[in-house]
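# Geometric and topological summary
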Amino acid sequence: MNHFKTAFATLLLFTSFTLDLSAQCVDGNTAWRNASFPRQSGPFVITFSAATFGPNVDGVTGFSLGSCSGYSALAAAVRFNNTGYLDARDGTAYKADTAIPYATGAWFAFRVTVDPAARKYSVYVTPKGASEKTLALNYAFRPEAQGTSLDNCAINSAAGSHQVCGFTVAPLGAAAPPPPVVPITPPIVPPPASSATDRFGVKKLYSTAAGGKDWSAKWDNGVARTFKSGQPDPSDPWFRAKGDATYSPDGKGLFNISGAVPRMYIYDPALQSSWRNVEMTVYAYRVADSGTPWGGIEGVARTNHSAVGASETVNGCDSRGNDARFRYDGRVDFEKETKHPASVTANSKIHWPTLPYKTWIGYKLVVYDLPNGNVKLESYMDLTDGLNGGTWVKVNELEDNGSNFGVGGTPCKPGINPAERLTNNDARPGSETGKPNIAVYWRSDNVGANGLIYKKMSVREISAP
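Structure report, in brief. Here the structure is a predicted model, which is why all the values come from computation and not from measurement.

## What about the overall build of the protein chain?
When helices and strands are counted, the protein chain shows 0 helices and 31 strands. Burial status across the protein chain gives 55% buried among its 465 residues. Considering only intrachain contacts with a sequence separation of at least 6, the fraction spanning at least 24 residues in the protein chain is 66%. Working note: accessible area of the protein chain is about 17,400 Å², and carbon and sulfur atoms make up 52% of it.

Below is the structure:
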């Protein structure tokens with residue numbers, strides 16, 4: 001008997017575009033995401049794993065005949081509801097036979113048996129580390145959904161976001177499909193436990209290193225001001241503006257950015273103290289820009305880009321740096337600049353169809369050295385606007401071992417490996433100044449008038465785990 005298996009590694013059809021995803025996971029958000037599978041008219045079974053990016057989401061995984069762009073097309077649907085529980089659609093309403101709560105990052109295995117001819121389905125849920133529970137038994141298809149066969153899975157989160165992995169489909173009675181499993185390295189990973197907060201009340205994911213530098217923006221000091229490229233913040237000599245842009249803190253905590261090339265550096269004005277292992281934090285609000293794909297929310301560490309001595313076009317090896325991007329085109333990734341302006345990206349994946357407008361998005365980049373000499377990069381996101389310190393979810397991570405990040409990039413000078421690990425040691429091969437870690441900076445591209453707003457920015461040296 002044929003055993004059909006489909007996964008989100010196959011072609012995914014979105015409401016507005018088509019995407020070939022490289023991993024067997026897909027995120028649910030306000031854009032409808034569809035994945036087709038061979039049409040099933042007889043009884044069949046679906047399996048998948050799922051978890052949420054935060055509490056109290058409204059995340060649906062449903063099944064339809066044909067691509068779906070609205071709830072009415074979903075014949076059957078399971079949901080992370082906004083009260084913190086799982087439920088499923090039974091005809092005209094959602095309900096549950098068993099109360100199953102969920103928490104951020106908690107994985108569940110789902111087994112859905114479907115009888116399209118009878119227009120009935122059942123849902124069985126296995127919380128990680130627990131036994132299977134019956135969520136829905138012989139629930140009716142939604143009346144508006146047409147047909148007695150199904151060939152599509154659709155994912156949508158009206159509030160918050162959830163993630164689905166390891167999707168399979170097989171005729172009922174065929175050789176049983178493998179049970180849904182959580183990926184070996186789950187994309188949803190809770191950050192390290194910490195109760196400490198910074199001066200803005202934002203959670204610190206890693207503790208501040210003993211004697212380490214701890215900088216925070218002074219945009220809430222009651223002094224409205226404006227400054228441009230080449231100028232420090234009049235209230236803060238550590239914060240220096242570069243690039244073609246204008247910067248206007250309002251004195252109440254908001255930092256308004258306008259211009260084509262915003263670049264904002266943070267470094268010791270005496271040029272003596274380098275940044276080592278760091279946690280960089282900011283909240284950003286997108287208002288108006290040209291939609292440059294690689295623009296967005298971006299912090300860069302492990303660099304001396306334009307800070308000391310000659311410019312980055314002369315000191316090519318000091319222009320190197322590690323960064324994480326939440327891009328305008330909806331991707332999240334890591335980037336290693338190997339010689340300005342050449343760079344190589346890694347771990348690029350779609351998170352949204354586009355970076356949301358007029359939404360406060362919390363961003364953290366963490367970069368630290370591991371005992372084995374490798375460099376760890378982690379990026380985190382908070383969509384609660386800092387409520388209770390923020391619900392910080394890890395959205396990307398990479399261990400740079402010197403051969404997996406920067407390969408094929410432009411060498412900063414002959415004989416220098418572009419995949420060189422950018423450690424916190426100032427004895428970096430090729431460095432022109434001997435201070436390759438003097439700065440961190442923030443950047444975006446082609447921002448409109450007051451088109452990007454920052455708040456609650458901080459940079460701390462951290463104790464690596």
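After presenting the structure, the write-up continues.
## Observations regarding the nonpolar core
Counting residues in hydrophobic clusters, the biggest one holds 44 residues, and the most contacted among them are Trp442, Tyr454 and Met457. Val57, Tyr102, Cys153 and Val164 belong to the second largest nonpolar core, which has 34 residues in total.

## Some words on the pairing of strand β30 (residues 439-443)
Successive side chains on a regular strand alternate, one facing one side of the sheet and the next facing the other. Buried residues dominate β30, accounting for 5 of its 5 residues. Because side chains alternate across β30, one face comprises the buried residues Ala439, Tyr441 and Arg443, and the other comprises Val440 and Trp442, equally buried. Note that strand β21 (residues 263-266) and β30 share 4 bridges and pair antiparallel. Along β30, the bridge assignment pairs Arg263 with Arg443. In this structure, strand β23 (residues 296-303) lies alongside β30, joined through 4 bridges in antiparallel fashion. Counted as the bridge partner of Gly299 is Trp442 from β30.

## So, the pattern of salt bridges
For the coordinates displayed, the defined rule picks out 27 salt bridges. The partner of Glu461 in a salt bridge is Lys213, with the nearest N and O atoms 3.0 Å apart. One end of the pair, Glu461, is in strand β31 (residues 447-461); the other, Lys213, is in the loop between β14 (162-171) and β15 (214-216), with 248 residues separating them in the sequence. Note that Asp329 is salt-bridged to Arg327, the shortest N-O span being 2.6 Å. Residue class for Asp329 comes out partly exposed when judged on its relative accessible area of 23%. One connected set of salt bridges, linked through shared partners, spans Arg325, Arg327, Asp329, Asp333 and Glu335.

## Observations regarding the sheet that holds β23
Spatial strand order, β17-β18-β21-β30-β23-β24-β25-β26: 8 strands in an open sheet with antiparallel pairing. With one partner strand each, in any of the chains shown, β17 (232-233) and β26 (342-350) form the two edges of the open sheet.

## A few points about the side chain of Arg33
By the element assignment, Arg33 lies in strand β4 (residues 33-40). Of note is the side chain of Arg33, whose polar atom sits 3.4 Å from the backbone oxygen of His351.

## So, the side chain of Arg443
With respect to the helices and strands, Arg443 occurs in strand β30. On the basis of relative accessibility, which here comes to 15%, the residue Arg443 falls in the buried class. For Arg443, the side chain forms a polar contact with the side chain of Asp445, separated by 3.0 Å. The contacts of Arg443, once residues within four sequence positions are left out, are Pro262, Arg263, Met264, Trp294, Gly296, Glu298, Val300 and Tyr454.

## Here's the deal with the state of the cysteines
All chains considered together, the criterion is met by 1 disulfide. The disulfide partner of Cys317 is Cys412, and the S-S distance across this bridge is 2.0 Å. Because the sign of the S-S torsion sets the handedness, a value of about 80 degrees for the bond joining Cys317 and Cys412 places this disulfide among the right-handed ones. A residue pair is termed long-range when its members are at least 10 positions apart, and Cys317 in the loop between β23 and β24 (321-327) and Cys412 in the loop between β29 (393-400) and β30 qualify at 95 residues.

Parameters and conventions
- Residues numbered from 1 in each chain as written.
- Predicted model: local features only at pLDDT ≥ 70, side-chain atom pairs only at ≥ 80, totals over all residues.
- Heavy atoms only, no water.
- Helix = DSSP H or I, 4+ residues; strand = E, 2+ residues; numbered from the N terminus.
- Buried < 20%, exposed > 50% of the residue type's maximum accessible area, 1.4 Å probe, protein only.
- Contact = heavy atoms within 4.5 Å.
- Areas by Shrake-Rupley, 256 points an atom, 1.4 Å probe, with all protein chains shown as cover.
- Core = buried A, V, L, I, M, F, W, Y, C linked by side-chain atoms within 4.5 Å.
- Pairing = 2+ DSSP bridges.
- Salt bridge = Lys/Arg side-chain N within 4 Å of Asp/Glu carboxyl O.
- Polar contact = N/O pair within 3.5 Å; in protein donor to acceptor, adjacent residues only side chain to side chain.
- Disulfide = S-S within 2.5 Å.

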